[in-house]
Amino acid sequence: MTMYGRVTSALGKRPKGIEHSEMRQRQRDFCAGMTANSVAIITNNPVAIRSRDTHHRHRFNSYLHYLTGWHGEDGVAVFFQSDGDWKCRLYVRPRNVKMEIWTGKRPGLGGALSGWPVDETMSRNDINENLSELLNDIENVYHIHGLDKEVDDVVDSVLHGGEPMDPRSIIDEMRVIKSNGEIALMLYSADLASYAHVEAMRECKPGMGEWHMQSIIEGCFLHHKSEWSYPSIVGSGDNATILHYNENKDIMKDGDLVLIDAGCEIDGYASDITRTFPVNGQFTEAQRAIYELVLKAQLAGIEACQAGSPWSAMHRATSEVLAQGLIDLKILNCTLEDALGEDFNGLYRQFFMHGTGHFLGLDVHDVGGGRQGDDKPERILTPGMVVTIEPGLYFGSWREDIEIDRKWAGIGVRIEDDVLISENGPVVLTANCPKEITEIEGLVGFN
Ligand SMILES: [Mn+2]
């Protein structure tokens, strides 16, 4: 058995990527949403410099992937009308053996046309002239600025200072509801991340580094031809009370909790899991009390994931449990009303300062709004949506703005699962990642 053999055998069959026929349907739906006499341009993400001539690993643009499956840097998809029909043209880099020796083989124009769901291909080298010509006499150009400088310049010169329309207003709505093909990929992504978390729990021992947990989890992703969908957070002790801590540089101490927020990507589709457990495998009384409260809130949040409910039902459910629990534990000395506040902004927010969840999909914080604080109208939960439920409580011992009993200091707990909204109630995609106290105490340190 190789490293991660346990994970490999637990994983089911990896689903195939999204079918070209499904991408064609997405293209048709997108084009149907555009106004008459328009052209839409979808570019790839830029390449970012890591150091001198070394680049950050490139991640394809989610919109380009969604519509065409194309990943090649410099790829640009253009949707335009010709003889009354919408066509998808893909600009790609032409074959060039001298360059390919260094940077890898390219499908070229012919390979892209036969291997991807597009109607025609053209050379990226000619995009300047060629695209200007296509945009002539077009009233509306859909384009996202800031990703591809050369394309931005073409669009600017054609629009003469006018603003392009935003293609996201159409595509985001489409991406909110996941198809069966997408759900299969997300379930696999959730399984892989679940098993990776379990491996980290099994290996965990006081004295190990936070980075060791990170390496076990990310190694497991890579071993299964996947990669992280966002930088992994491994925070032990007080580090767990820093929401976006990802330096992962400290030694995990006996008696501390460790919070791990890590997920992976399968064919672009993200999973997003947080688990918190004792480094030595045994919860202290104080840790147990906070953990049980967060778990109770999390289960209430999942139960609130019912088709037809408003988005805020999830946050309401977790918040009510947490606020009451903080009063019961005498961490808050006030009424439930004051703890919750008028608009979920009461005293409990000192310890639970983020939202309950977000959409999940090709982007870990997926498009379509729904997050607390955004200005979009409230969503109604609908079958096919995938959300995260991730309440937490954080008692940083370093915080000067709060007054709490010493026994809570340095405790940070978050529990996060990925949940599919369905006609038959919530489906927890990350159900293979244990979170009950007895399960955790029976796993941590037992490799
Ligand atoms: Mn999340």
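Cut-offs applied
Residues numbered from 1 in each chain as written. Predicted model: local features only at pLDDT ≥ 70, side-chain atom pairs only at ≥ 80, totals over all residues. Helix = DSSP H or I, 4+ residues; strand = E, 2+ residues; numbered from the N terminus. Contact = placed C-beta atoms within 7 Å. Core = buried A, V, L, I, M, F, W, Y, C linked by C-beta atoms within 7 Å. Buried ≥ 20, exposed ≤ 12 C-beta atoms within 10 Å, placed from the backbone. Domains from an automatic or database assignment. Axes fitted to C-alpha atoms, helices over the stretch in contact; angles between N-to-C directions. Parallel < 35°, antiparallel > 145°, perpendicular 65-115°, else oblique. Left-handed = near helix turned anticlockwise from the far one by under 90°. Nonpolar A, V, L, I, M, F, W, Y, C, P; charged D, E, K, R; others polar. Pairing = 2+ DSSP bridges.

> What exactly am I supposed to notice about the environment of Asp-191 here?
Assignment of secondary structure puts Asp-191 in helix H9 (residues 180-203). As a C-alpha pair, Asp-191 and Leu-11 span 180 residues in sequence and 6.8 Å in three-dimensional space. Those residues in contact with Asp-191, other than ones at most four positions away along the chain, are Leu-11 and Asn-432.

> Would you mind going over the environment of Lys-16 with me for this structure?
Structurally, Lys-16 is set in the loop between helix H1 (5-10) and helix H2 (20-32). Distance in space between the C-alpha atoms of Lys-16 and Ile-266 is 9.9 Å, their sequence separation being 250 residues.

> Would you mind showing me how to read the nonpolar core here?
Buried together is how nonpolar side chains tend to be arranged in soluble globular proteins. Ile-41, Ala-77, Val-258 and Leu-393 are the most contacted members of the largest nonpolar core, which totals 115 residues. Taken domain by domain, the makeup of this core includes at least three residues from each of domain 1 (20-174) and domain 2 (179-441). Leaving out residues up to four positions away in the same chain, Ile-41 has contacts with Val-76, Val-78, Val-141, Tyr-142, His-143, Val-151 and Val-155.

> Teacher, can you tell me more about the packing of helix H11 (residues 285-303) against helix H12 (residues 312-328) here?
When two helices pack together, their arrangement is given by the angle between the helix axes and by the axis-to-axis distance. In the contact formed by H11 and H12, the axes pass within 7 Å of each other and the chain directions differ by 155°. Relative to H12, the element H11 lies roughly antiparallel. Here H11 and H12 pass one another in a crossing that is right-handed. Where H11 approaches H12, its residues Leu-293, Lys-296, Ala-297, Gln-298, Ala-300, Gly-301 and Glu-303 are matched on the opposing element by Met-314, Ala-317, Thr-318, Val-321, Leu-322 and Gly-325. Residues belonging to the contact of H11 with H12 are distributed by class as follows: seven nonpolar, four polar and two charged.

> So what exactly am I meant to see when it comes to the domain arrangement of the protein chain here?
Interface size is commonly expressed as the accessible area that is lost once the parts come together. Here the domain parsing of the protein chain yields domain 1 (20-174) and domain 2 (179-441). Measuring from the centre of the C-alpha atoms in domain 1 to the corresponding centre in domain 2 gives 36 Å. Across the contact, seven residues belong to domain 1 and seven residues belong to domain 2. Grouping the constituent residues of the side of domain 1 that touches domain 2 by class yields one nonpolar, two polar and four charged.

> Would you explain the pairing of strand S16 (residues 411-414) in this entry?
A regular strand places its side chains on the two faces of the sheet in alternate fashion. Here S16 shows no split at all, with Ile-411 and Val-413 on one side and Gly-412 and Arg-414 on the other all buried. As judged from the four bridges shared by strand S15 (residues 392-395) and S16, these two strands associate in the antiparallel manner. Counted as the bridge partner of Gly-392 is Arg-414 from S16.

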